[in-house]
Each structure stands twice: as structure tokens, then as C-alpha cells.
Amino acid sequence: MKRFTPWSTRLLLLLLALSLQGCLGSGGNNNQVGNTITTNSNGNKVSVAQNLFKGKIYFTIDHNLWVTDGSGAARELIHGSNIYDPAISPDGKWIAFIARFKDFANLDYISAGGGPVHILLSGNGHFYNDSGFIKNTYYWFAQPAWSADGTHLLFLSDIEKEDWYAATGINAPLLDLQVFSIPFNNPTAKPQDVAYASFGDGGDRDPSYRPGHPNEVVYTHYAYDTATRTQQVIQLFLEDANAIANHPGVYHPGLPGYDPGVAITDGKDQNLQPAFSPDGNAIAYVRRESSSQMGLYMMKVPEGVTANPNNPTVEQQALAPYHKSSHILSGQFISQPTWSPDGKQIAYVSYNNEFDLWLANINYNAKTGVWSMRGIPVPLTSGGVDGDSRPFWTP
Amino acid sequence: MKPQFVKINALHLKPSRLKRGIPRLLPVTEVDTMEQRAVNGTTGSASQPGMGGPPPFGQPPGNGMQGPKRNKRRVPIWVRVVISIFLLLLIVVGGLVGYYYSVFSTPVSHIVGQQVTRLKGDEDPNVSRNGADILSGSRINILLLGSDTDQKFSSGSYLAQTDIVITIDPATKKVGMLSIPRDFYINVPGNGMHKLDEAYSLGGVALSRLTIYQDFGIPINYYAWVGLDGFIKVIDAVGGVNVDVLHPITDDNYPDDVGNKTGDIYAYKRLYIPPGPQHLSGPDALEYVRSRHADLVGDFGRSARQQQVLGALKTKLNNSDIISKLPDIAHDLDGYVKTDMQLTDVLKLANFARGLDPNSIQRVILGPPYSSSGNTLSDESVVFPYCAKIIPVIAQMFDLGNNARCNIQANSDNGSLASAAQPSPAPAATDNTWQAASQVAGTSVMSMGGSGDNLYGFRSLLDLMFMVVFESPNAMQI
């Protein structure tokens, strides 16, 4: 009787099964990096790696607020409030954040230890008919950022959207969000204008105070080119936070050139999402390199350029550090960089079929003024976190 | 012969033998029969070698009737394994194909060929085409209707927010697209003055079609209707899309017409979509691509956003992972897309659109200067057409000559109030390039027909949906 070799059949069937598994895309997600903390709305198990960093990182999953430490453990602080952009006060006592609703947003805060949610600014309102124009009294708030002494909060809003009508007589609300500040202990005070928006491209984003320089702020400014008004120009601006307040009547919202901001990146590139280093001397930022490729870069902060922002010589001086930027890494949809408190690591969002937090170790060569990445980036989360909410890193 | 039966019985009684492999596959009935014989102690029968019957199962080569010659012709084991795997694959693939055709055939049959009886006064332009192919013969006009939410196809309380007429001249391959504001205040035949979108709620496709014909003189060959909720469901079925939002999107007057439970069908909602890479759910994606007020550059910016979402969506649709989700997507389309075109027509149209130069499409939106916003005597907010400016444009775009008309008053069903005789210079149509299309539909696609092209046609129906939702033939190209 002929002897059979069933192992070959088994091997072929195994290969067939594996190939079918590959074809059908089954087999599950094997990219889990650590402890599973929850299952997100896509049905993915979200996990957090351990022993990769020191301190605490606040972030959102399905716009629920989470915090994780280096142990790999994570805790959900607020659930079900559609939360964006958590920001921890310098003394570590408070968490300011944005709660979004259908037509408006609130600027809220809670104690870092938990407890009830307090509304700092409410954007709730209603629609009304203004001589045939349907308008409303709703407002957006976005991206709170604390001053170094914890007394003030920067934020984005459209609270002055009807001021354009009042000033010009043109019944077209300025919907583009601008940068304001309020004292944390007196939120009913009139918000101070910090940075104006140009009409039509969505306004400003990513504001923050410069550490060690309490009067300087950085933000992303979205505008159209002044020549054709058709091409987007997305630049980082540095600005004296009190310039508008200290020079009433000099600056105006809506049009480029009538604000005290000075561009610190070249308009021919699209740069966004600046993040100051803990010492305030460097900025990590994101550059759009193609439709899906984005790069993480670092540059020094230009000094002494906010006092006279509309001087052409100063404008050139403000761009000098940009041209010496260090390229750290590139990838699909890299975004939302944030520094570690010791300035040696960067956390950022990257994309590989889902948005996750990654960590990169950073070196700075003081002699050459060049930043570089040490080793390769490692994933901090897997399973998917929110890509449209900036994380926050505290000691 | 008994040892042979003992061997068979041992094979079935000792699982350990199974682990080492089964020497030969047996029909169950044959095994059962032999086992029965063994149990009964039957050792001789007409089937035994030497007794005129076939050799018993398992008999070694050289025994009985199976001589050495037959042994030489035995198929090698690797050939049998390959054939087995091939047959297995054939069965699996055949089963999958059969399953998917069964999954798609029902929704496809619910989507295409949905004829709607024409109302009195609505002349059927297809009669004069004598059954010509959709992309041959005389000019064809396709009415695109987009409605807000679930189960909108029956006429009743629902509106058509999107009213667009696509015109294709098969001879020159020129394409035009006329967008008529939903709030256009016009005569709805038999119903008096209404907004255009109300024509659909008053009489469905039939009355919308008649209104376009009677009020503007544009004969409608075909229609395509899409429920916007269907687009949302398709996006959600693929798990949403991930895009890099180009700039902050702000819109204080976005139509709150999807999932609106307030009963106010003219309600607005506010949008603020932050810039940067992010995940968009179905509703988010629809808002991102539909907002008209978020760009200083108007429809150019909107088009760029639409291409982003379409690119991300079609990347997902082209991924092999999507196979498991196709039944869900087919289910999502069922009830949300309707057309009186046949599947082959949609295939040809989609293929034609893929070869179309986007810059060659003449686009006219009947906003200012062709109309202006205002209030009726009953204080209803509407859009008033300027017939003197509209007529020359549609006369040229649809090659209507003196048949172009503009009936904007009640009881003017015969089209006598305003006509091409109105003196006014024709304003320049936007993007009036009128260049020839770059290629004609491929014959390989055209030759497909019957149920066999359901899978491919299904994809074209998705493209049809995108064209209506994005209000542009460009949506079929990405």
C-alpha cells in the first residue's frame, strides 16, 4: 500500500488558510502596545504603553477626557461631554477644556482631582432674524491655554463676530475665530483682544503663551494671499499679547496687515500647530509636506520682534530662525506636538489606519543649533485616540 | 477479505489513526455499508474480487482486478492536493460570488429602472430618441434631486434641497450643469407659487420634473434621487474617513436638514470644524463637503474639500477589507438612491464622467445675478428669479432656442408669461469653456449587461450617489 504524506497536505491547507485570512483582512489587530484601557467607538481596544515617559499626559478618546502616567495605567476623568483640548494650570490644580455642543461650545474647568464641571464661558444662544438675515447669538470657544503664572487663559472665539458689522456697516459677521484672554478669577470681565483673524479662512488656531516671556504669544494664522485672495497662507505668528489692548484704534480685525502679529514662518510653506519648549526658547511645529505627508520640525524663537512688528527689517529678522529649522521626522498626518516637561521628548499624533499618540526622544546640539531625534519613535497608544484634540503633558 | 474490513473498522474506531491521515476519502454510504457488513460478519458478496464485482475498498494494488497497469496511471498525490485546493477555492469563490450577487441584486433592482409616470403636460423626450443609447442620439438632460432624510422617496412632507439639471450633448460630449436654488420662488403646476423644493413634497419626482419642464422649458430624460442620509450611512459603514481638514471651517447658516427632529425644515445650524488631521463620521463628512460658506473662494474651496473626502472614501472602498462591509453598504444604498436609468446607463454615464475634463463642464448656479433673496407678501423668505437673465443662459446651455422660458407666476402652466422674447443681454455663464470631453465610454464596460455586472454596477451607483451629494460629475472621477 502506498504511504501517504499528510504533512504536505496540512502544510498546503495551512498556507491556504493563511492566505485566505490575509485576503479577507481578518486576524485582528496585533499592534497593542500595552495595557488595554477601554474600547473606542470603532470597536478597537485602546491600550497604553508603560515605562516610556515621566509625568502625566492628558488626551481624549471619543472626546472623553483621559489621563495616563508612565506606569501604563490610565483613568477616565470625564465621560460624555464631547471634550476637546485639555489644558492643565501651571500649579496643577485645574483642568480647563472645551465642551462642544451642536451650535456652540463652553469653556469649562474642573479640579484636577475631579469633582463638578464649572462653566467659565458659555457660548449658548439662539437664532434670530435681522432684516432677512438669519443670525444667532451662539459662540464657539476653543483651545484654552494658561499663562505661566496661572492667572489668565488664552482661548479662541467668535464672540466679536458682529463687531465687523458695527464697525463697517457691512452686514457680514466675522465668523473666523480670534485669540482672546480672560483672567481666570474674573471670567465675567470683558475678554481682551489678543490676536485678530483675517476674513474668510477660518481664523487663528493653536494659541499659547511663551514660557519665560509672559507678554508673548504664538498662534497659527489662516489667511488668503493678499495678491489673488485665492491661495491659502498658513503661518505661525508671534505677537505681543497686550499690543492690541495697549494701542486702541491702531489695529483692526478682518484684514491682513492690521494686526500686531509678526510671521515667524515663510508663507510659501503651510506651517501649523506650534508648541513652545518648556524653556520658551524653541518651537516644535508641523509642516504640510503633501496632501497626506506632514513633517515635525523645530526652530528657535526669534527674539525682540514683537515690539515693532510692521517694520520690514524686523519682519525679515523674524523669519531667520525658520530658515534654520531642524526636520525631526515625517509621516502621514503627523500633528499635535507637545513637549515633555523636561524638554527631552515630544509626544505627537500620528496615523496608521487610526490616530495614536507617539513619543520621540529629542537631542539638541547647542554648538550647531540643530535638533535631532534619538532612536526611533515609539507608540504610546494603540487602538485610536482623537486626532483633533491637542494632548497636554504635565510633570 | 476480512482483514480489509477490520482495517476500515479500525480506521473509524481509532481516532489516533485519523491524526496520521486518512488514506483515502470515502463516501459515507460506502463506509456505512462496509461497516454494516463487518458488524454483521458478512464476508462474501457479489462485490468481492473473483466473484464478478468491483474490487473491495482498500485493496492493495495488484490484488484482484486492479493490476500493475492501472497502478502506473495513478494520479500523484501532489496533483490531487492541488486539484483539491483548486476545487476548494472554486467552491469558496463561487459561493462568495453567488452570495454577493444575491446580496446586491435586490438593492440594485430597487435603485435602477424606477420609472415614474409622467404627469399631463410633461412630454417624454425619450420618445423622440427612439431608444437611442444614453450617450448617443440627441441631447439628454438628467434631473438630480437630493433630499434630506430617511424614506423620502414617497411624495409627502419631504423636500428636495438639491435641484440640478445635468445636460449632455452626445454628439459633442459637452456637459452643462444648472443648479437651481431650492428657494427659487416659481410656479408649481397645479399648485400655484411655491419654492422649488416644495414641488417634490407636493408631487415627488413627477411634479419636480414637470415643474422644470413647464417653468423653464427644459425636458427631463432621466432623474436620479439621493437621500443624504444614505451618504452618511455609507461613510459610517466604512468606519468614517480620515482627512487633514485644510483650514478651520466656520458656517453660521448650514442647513439643519439631516437628523433634525425640531420639525423646522428650514432650520440652520452652526459649524466649526477645526483644521488638521482628524476622523470624520458620516454626519461630519457631509458637513465638511456641503458647507458653502466656509471658504472665501466659494465653490473652489468646497470642491477641494469634496475631493479630499472622496479620495479618502474611495481609498477605503478599494481596500480589500471592504469586502465584509459591502453587504452593509448595499443595504445602505437601498432606499436612498433611485433612478429611472438602467444599470447599463449608469455604467456608461460613470465611465463617461471618468473621462471628462472637469474644466470643460459649464456650470451655472442661478444665484445672483440670476436671482436675489427677498420676502413674499406672507413674509416667507424666498429667492426671486430674474427671468430676463435666466432665459438666455438656459437657452444656450440646453440648446432650447425659443423654447426656453421662465414661468414665475401662478397659473402660467402653459409657459406664456415670460419667454425668450424678454430683452436682456445674456450674462456670461460661469466657467463657460465648453470643451470636448476627452474620451468616450469604453466598450468593455458598455458591453456588460444583465445581473452579471451587479458588482461593478453597484460601484457605479455609489458614484451616482456621490455626483448628486457633491452636486458635480467630478465626484464620479475620483
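Residues numbered from 1 in each chain as written. Chains lettered and ligands numbered in written order. Predicted model: local features only at pLDDT ≥ 70, side-chain atom pairs only at ≥ 80, totals over all residues. Heavy atoms only, no water.

A.B. asks: Even after reading the chapter, I still don't get the overall build of chain A, so can you show me in this structure?
C.D. replies: Along the backbone of chain A there are four helices and 29 strands. Dimensions of chain A, computed from C-alpha atoms along their principal axes, come out at roughly 105 × 55 × 45 Å. Taking all 395 residues of chain A together, the buried fraction comes to 51%. Within chain A, residue pairs in contact and separated by at least 24 positions form 51% of the contacts whose partners lie at least 6 positions apart. Side-chain charges of chain A comprise 25 positive and 34 negative groups, with the mean position of each set lying 13 Å from the other. (Helix = DSSP H or I, 4+ residues; strand = E, 2+ residues; numbered from the N terminus. Buried < 20%, exposed > 50% of the residue type's maximum accessible area, 1.4 Å probe, protein only. Contact = heavy atoms within 4.5 Å. Lys, Arg positive; Asp, Glu negative; His and termini not counted. Charge placed at Lys NZ, Arg CZ, Asp CG, Glu CD.)

A.B. asks: It is not clear to me how the interface of chain A and chain B should be interpreted in this structure. Could you clarify?
C.D. replies: You'll often see interface size given as the accessible area lost when the parts meet. Taken together, the 48 residues of chain A in the interface contact 42 residues of chain B. Summed over both partners, the interface of chain A with chain B comes to about 4000 Å²; 59% of that surface belongs to carbon and sulfur atoms. One can count four salt bridges joining chain A with chain B. Put simply, Asp244(B) and Arg288(A) hold a salt bridge, and the shortest N to O gap is 2.6 Å. Across the contact surface, chain A and chain B share 14 residue pairs in polar contact (both at pLDDT 80 or more). Elements represented by at least two residues in the side of chain A that touches chain B include exactly helix H1 (6–24), strand S11 (133–136), strand S17 (213–224) and strand S18 (232–240) of chain A. (Buried area = accessible area lost by both parts, 1.4 Å probe. Salt bridge = Lys/Arg side-chain N within 4 Å of Asp/Glu carboxyl O. Polar contact = N/O pair within 3.5 Å; in protein donor to acceptor, adjacent residues only side chain to side chain.)

A.B. asks: Quick question: what am I supposed to make of the confidence of the model for chain A here?
C.D. replies: Parts of the prediction with low pLDDT should not have their coordinates interpreted in detail. With 92% of its residues at a pLDDT of 70 or more, chain A has an overall mean of 90. Confidence drops under a pLDDT of 50 for residues 21–30 of chain A, and excluding neighbours within four residues, the segment shows five contacts in the predicted structure. (pLDDT = per-residue confidence, 0-100.)

A.B. asks: Just to check I follow, could you spell out the sheet that holds strand S21 (residues 282–288) of chain A for this structure?
C.D. replies: Each strand in a sheet pairs with its neighbour through backbone hydrogen bonds, running either in the same direction (parallel) or in the opposite one (antiparallel). Residue and element names in this part refer to chain A. With antiparallel pairing, four strands are arranged side by side in an open sheet as S20-S21-S22-S23. If you trace the sheet from one side to the other, it starts and ends with strand S20 (270–276) and strand S23 (326–332), each paired once. The mean angle between the axes of side-by-side strands here comes to 25°, regardless of whether they run parallel or antiparallel. Judged from the five bridges that link them, S20 and S21 form a sheet pairing that is antiparallel. Bridge pairing in S21 links Phe276 to Ile283. (Pairing = 2+ DSSP bridges. Axes fitted to C-alpha atoms, helices over the stretch in contact; angles between N-to-C directions.)

A.B. asks: Honestly, helix H6 (residues 196–216) of chain B in this entry has me stumped. Any pointers?
C.D. replies: Along an α-helix, residues three or four apart share an orientation, since each turn contains 3.6 residues. All names here are of chain B. Across its 21 residues, H6 extends only 12 Å between first and last C-alpha, which sits more than 12% below the 30 Å expected from 1.5 Å per residue. By the largest-angle criterion, Gly203 marks the main kink of H6, which is about 130°. Counted residue by residue, H6 has 19 buried out of 21 residues, so it is predominantly covered. Following H6 by one or two positions, Gly217 adopts a phi angle in the positive range, close to 80°. (Expected span 1.5 Å × (residues − 1). Bend = angle between axes of the 7 residues up to and from the residue.)

A.B. asks: Looking at this model, I keep getting lost on the sheet that holds strand S12 (residues 141–146) of chain A. Mind explaining?
C.D. replies: All names here are of chain A. What the four strands build is an open sheet, ordered S12-S13-S14-S15; its pairing is antiparallel. Of all strands in the sheet, those bounded by a partner on one side alone are S12 and strand S15 (192–195). Each neighbouring strand pair of the sheet contributes to a mean axis angle of 30°, computed without reference to strand direction. Sheet topology places strand S13 (residues 152–157) next to strand S14 (residues 178–183); six bridges connect them, and they run antiparallel. Paired with His152 across the bridge in S14 is Pro183.

A.B. asks: What is the right way to look at the nonpolar core in this model?
C.D. replies: Most often, soluble globular proteins have nonpolar side chains that are buried together. Core analysis: the biggest nonpolar cluster contains 71 residues, and Phe231(B), Ile329(B), Met465(B) and Phe466(B) have the highest contact counts within it. The element that contributes the greatest number of residues to this core is helix H14 (residues 454–469) of chain B, accounting for eight residues. Residues Ala275(A), Ala282(A), Ala360(A) and Trp371(A) belong to the second largest nonpolar core, which totals 37 residues. (Core = buried A, V, L, I, M, F, W, Y, C linked by side-chain atoms within 4.5 Å.)

A.B. asks: Help me understand the state of the cysteines in this model?
C.D. replies: Think of a disulfide as a covalent bridge from one cysteine sulfur atom to another cysteine sulfur atom. Residue and element names in this part refer to chain B. Applying the stated criterion across every chain yields a total of one disulfide over all chains. Each sulfur in the disulfide pair Cys387 and Cys406 lies 1.9 Å from the other. Between Cys387 and Cys406, the S-S torsion sits near -65°, and that sign places the bridge as left-handed. You can see Cys387 sitting in helix H12 (residues 387–397) and its partner Cys406 sitting in the loop between H12 and helix H13 (443–446), a full 19 residues away along the chain. Grouping residues by exposure puts Cys387 and Cys406 together as buried. (Disulfide = S-S within 2.5 Å.)

A.B. asks: Please explain the packing of helix H7 (residues 228–237) of chain B against helix H8 (residues 282–290) of chain B as it appears in this structure.
C.D. replies: Helix-helix packing is characterised by the crossing angle of the two axes and by the distance between the axes. Residues and elements named next belong to chain B. Direction vectors running N to C along H7 and H8 enclose 120°, while the axes themselves pass 8 Å from each other. In terms of axis orientation, H7 runs oblique to H8. Taken as a pair, H7 and H8 cross one another with a handedness that is right-handed. For the pair formed by H7 and H8, the contact residues are Leu228, Phe231, Ile232, Ile235 and Asp236 on the first element and Gly282, Pro283, Ala285, Leu286 and Arg290 on the second. When its residues are assigned to classes, the contact of H7 with H8 shows seven nonpolar, one polar and two charged. (Parallel < 35°, antiparallel > 145°, perpendicular 65-115°, else oblique. Left-handed = near helix turned anticlockwise from the far one by under 90°. Nonpolar A, V, L, I, M, F, W, Y, C, P; charged D, E, K, R; others polar.)

A.B. asks: Looking at this model, I keep getting lost on the packing of aromatic side chains. Mind explaining?
C.D. replies: Residue and element names in this part refer to chain A. Under the criterion given, the structure shown has 22 aromatic pairs over all chains. Taken together, Trp94, Tyr109, Trp146 and Phe184 form an aromatic cluster joined through their ring pairs. The aromatic ring of Tyr84 is capped on one face by Arg100, whose charged end is 5.4 Å from the ring centroid. (Phe/Tyr/Trp six-rings, centres within 6.5 Å; stacked < 30°, edge-to-face > 60°. Lys NZ or Arg CZ within 6 Å of the ring centre and 35° of its normal.)

A.B. asks: Whenever I open this one, helix H11 (residues 343–354) of chain B confuses me. Can you help?
C.D. replies: Here H11(B) spans 17 Å end to end across 12 residues, near enough to the 16 Å set by a 1.5 Å rise per residue. Counted residue by residue, H11(B) has 10 buried out of 12 residues, so it is predominantly covered.

A.B. asks: Can you walk me through the side chain of Asp340(B) in this structure?
C.D. replies: All names here are of chain B. Looking at where Asp340 falls in the secondary structure, it is placed in the loop between strand S11 (337–339) and H11. Of the residues examined, Asp340 reaches a relative accessible area of 5% and is grouped as buried. Here the side chain of Asp340 touches Tyr223 through a polar contact of 3.0 Å, landing on its backbone nitrogen.

A.B. asks: Would you take a moment to explain the packing of H7(B) against helix H10 (residues 326–333) of chain B for this structure?
C.D. replies: Residue and element names in this part refer to chain B. Direction vectors running N to C along H7 and H10 enclose 170°, while the axes themselves pass 9 Å from each other. Compared by their axis directions, H7 and H10 come out roughly antiparallel. Residues Gly230, Lys233, Val234 and Ala237 of H7 touch H10, and the partners they reach there are Ile329, Asp332 and Leu333. Considering only residue class, the contact of H7 with H10 consists of four nonpolar, one polar and two charged.

A.B. asks: Is there a simple way to think about the side chain of Asp204(A) in this case?
C.D. replies: Residues and elements named next belong to chain A. For Asp204, the location among the structural elements is in strand S16 (residues 204–210). Within the buried core, Asp204 has no salt-bridge partner, and the shortest N-O distance to an opposite charge, that of Arg205, equals 9.6 Å. At a separation of 2.7 Å, a polar atom in the side chain of Asp204 contacts the side chain of His221.

A.B. asks: Would you mind going over the environment of Ile365(B) with me for this structure?
C.D. replies: By secondary structure assignment, the location of Ile365(B) is in strand S12 (residues 362–365). Between the C-alpha atom of Ile365(B) and that of Leu178(B), which follows or precedes it by 187 residues, the distance is 5.9 Å.

A.B. asks: Teacher, can you tell me more about the environment of Arg363(B) here?
C.D. replies: Residue and element names in this part refer to chain B. For Arg363, the location among the structural elements is in strand S12. Given a relative accessible area of 18%, Arg363 falls into the buried group. For Arg363 and Gln308, which are 55 residues apart along the polypeptide, the C-alpha to C-alpha distance reads 21 Å.

A.B. asks: Please clarify how the confidence of the model for chain B should be interpreted in this entry.
C.D. replies: Residues and elements named next belong to chain B. Per-residue pLDDT for chain B averages 73, and the proportion of residues at 70 or more is 69%. The low-confidence segment residues 1–67, where pLDDT is below 50, has 55 contacts with residues more than four positions distant or belonging to other chains. A low-confidence stretch, residues 412–454 (pLDDT under 50), is modelled with 95 contacts involving residues beyond four sequence positions or located in other chains. Here the predicted complex carries an ipTM of 0.91, next to a pTM of 0.73.

A.B. asks: I keep staring at the environment of Ala285(B) and nothing clicks. Help me out?
C.D. replies: All names here are of chain B. As for its position among the elements, Ala285 is in helix H8. Among the residues examined, Ala285 registers a relative accessible area of 0% and is labelled buried. Measuring from C-alpha to C-alpha, the distance between Ala285 and Met476 comes to 17 Å, with 191 residues separating the pair along the chain. Ala285 has contacts with Ile235, Val241, Leu280 and Val309, leaving out every residue within four places of it along the chain.

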